[in-house]
Amino acid sequence: MAGSGFSRRKLLAGSIALSASMLAGCERRMSGLLTSADAHPGDYPTVQAVEFIGRYLSDRTGGRLGVKVYAGGQLGSETDTLEIASFGGLDLTRVNFAPLNSIEPMTLPFSLPFLFQSVDHMRKVVDSPLGDEVLASLESHDLIGLAIYDSGARSFYNTRGPIRSPADMKGLKLRVPQSDLYVAMVNALGANAVPIPLNEVYQALQQGVIDGAENNWPSFVTARHYEVAKYYSLTHHLLTPEALVMSKQRYTRLSPSDRTLVREAARASVPFMRQKWDAKVDQAKRDFASSPGEVNTVDTAPFAALMRPVWEAFITSPRQRAVVERTIAMGEA
Ligand code: GTR
């Protein structure tokens, strides 16, 4: 997988994440706090949702249980925090589905480009028993899937000009998360995928190492990528959701009634998160509208047509095909 190579930067990032997680571990043992990681800053809906869980737990246990979120990528990339959580160095981490794809194949279908037709379709699927089945598939990887959160629709943005058809993507160097599926998707559209962590994107855009990236409105604006990449093209190619996962080691150390409470809190955080999310999307669009950037609509059919071979290459088992079929069926109903 891209980005897994040995480097000084990686080693440094790893040791920072490790010392932060050891610190987090001490704090946790001392105070009974569940530690959590997020790549986004403190005012982002995913962080607010996990803080909501903390308040929920604290209110119902007289402060015995709570959550401390290490926001802004302090504990490393999503790939790193998943690894740390799976060996028990961190209690919770909120990640996109993309980094889960290389851990558990059942998570891959939800990351397929042009699978979900709309946010409503995505919400209906993740709220159905299928959402629970996909979360449960993580258990064999020492992770407990607690909740699925919104991530809106991802679109391409770049420093050069509007993307109206796949021809406009030819030769562009576009950042993607560290996911083989995203790499294949961008390359199949004629661009050159550059997999790097989210917190390196701003500088890479500024220095011209990449021409653009793809993300939803809140990430595009919160991470200030729009200051550099002024063209946002509404390809809406992915409505991949996000997941809140817990270290299985930590989960199994909880009493049965605390486990139920944690699951209940996570479930209650979903409608809270959606409300925050919808408001954040509107705010991000307003912020962009008052910047010098340009947004353009796109006929997405030619983009979707190029994704057929990508679906075929990545959906390889009957279980994955069943997830795809059930998802599509819920869109038609
Ligand atoms: C955001 C998502 C993050 C991460 C990021 C990225 O939309 O919330 O979890 O996946 O995109 O592009 O790295």
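Keep in mind that what you see is a predicted model, and the values were worked out from it rather than measured.

Chemist: Can you help me understand the site of the ligand in this one?
Modeler: In the neighbourhood of the ligand, 13 residues make up the surrounding shell, with H40, E78, R94, R175 and N215 lying closest. In the environment of the ligand, an oxygen atom lies 2.7 Å from a nitrogen or oxygen atom belonging to the side chain of R94. In the environment of the ligand, an oxygen atom lies 3.0 Å from a nitrogen or oxygen atom belonging to the side chain of S219. Expressed as a share of its isolated accessible area of 310 Å², the protein-covered part of the ligand is 97%. The pocket occupied by the ligand, as judged from atoms lying within 2 Å of grid points, is the second largest pocket. Of the residues contributing to the shell around the ligand, the split by class is 2 nonpolar, 6 polar and 5 charged.

Chemist: Teacher, can you tell me more about the environment of T235 here?
Modeler: Within the element layout of this structure, T235 appears in strand 9 (residues 231-238). The class for T235 is buried, based on a relative accessible area of 0%. For T235 and F156, which are 79 residues apart along the polypeptide, the C-alpha to C-alpha distance reads 6.5 Å. When near neighbours in sequence (up to four residues on either side) are disregarded, T235 contacts F114, R154, S155, F156, V298, T300 and F303. A distance of 3.2 Å separates a polar side-chain atom of T235 from the backbone nitrogen of F156.

Chemist: It is not clear to me how the domain arrangement of the chain should be interpreted in this structure. Could you clarify?
Modeler: Where interface size is quoted, it is often the accessible area lost as the parts come together. By the assigned domains, the chain splits into domain 1 (8-104 + 117-150 + 241-284) and domain 2 (154-239 + 291-332). Computed from C-alpha atoms alone, the centre-to-centre distance between domain 1 and domain 2 is 24 Å. Of the roughly 2,000 Å² buried between domain 1 and domain 2, counting both surfaces, carbon and sulfur atoms make up 61%. Counting across the interface, domain 1 meets domain 2 through 1 salt bridge. The partner of E133 in a salt bridge is R326, and the shortest N-O contact between them spans 2.9 Å. Sorting the residues of the side of domain 1 that touches domain 2 by element identifies helix 4 (119-127), helix 5 (129-136) and helix 10 (256-289) as the ones contributing at least two each.

Chemist: Hey, could you run me through the nonpolar core in this one?
Modeler: With 55 residues, the main nonpolar core has F110, L112, F156, M169, M185 and V186 as its most contacted residues. Broken down by element, this core gets its largest block of residues, 5 residues, from helix 6 (residues 180-188). Composition of this core by domain shows at least three residues from each of domain 1 (8-104 + 117-150 + 241-284) and domain 2 (154-239 + 291-332). Contact partners of F110, with chain neighbours within four places excluded, come to F97, L115, F116, V125, V126, L130, V134, I148, T240, P241, V323 and T327. Core analysis: the next-biggest nonpolar cluster, separate from the first, contains 47 residues, A49, F52, Y226 and F288 among them.

About the criteria used
Residues numbered from 1 in each chain as written. Predicted model: local features only at pLDDT ≥ 70, side-chain atom pairs only at ≥ 80, totals over all residues. Heavy atoms only, no water. Near = heavy atom within 4 Å. Polar contact = N/O pair within 3.5 Å; in protein donor to acceptor, adjacent residues only side chain to side chain. Areas by Shrake-Rupley, 256 points an atom, 1.4 Å probe, with all protein chains shown as cover. 1 Å grid on protein atoms, 1.4 Å probe; cavity = no way out; pocket = protein on both sides within 12 Å on 5 of 7 lines; lining within 4 Å. Sits in = over half its atoms within 2 Å of the grid points. Nonpolar A, V, L, I, M, F, W, Y, C, P; charged D, E, K, R; others polar. Helix = DSSP H or I, 4+ residues; strand = E, 2+ residues; numbered from the N terminus. Buried < 20%, exposed > 50% of the residue type's maximum accessible area, 1.4 Å probe, protein only. Contact = heavy atoms within 4.5 Å. Domains from an automatic or database assignment. Buried area = accessible area lost by both parts, 1.4 Å probe. Salt bridge = Lys/Arg side-chain N within 4 Å of Asp/Glu carboxyl O. Core = buried A, V, L, I, M, F, W, Y, C linked by side-chain atoms within 4.5 Å.

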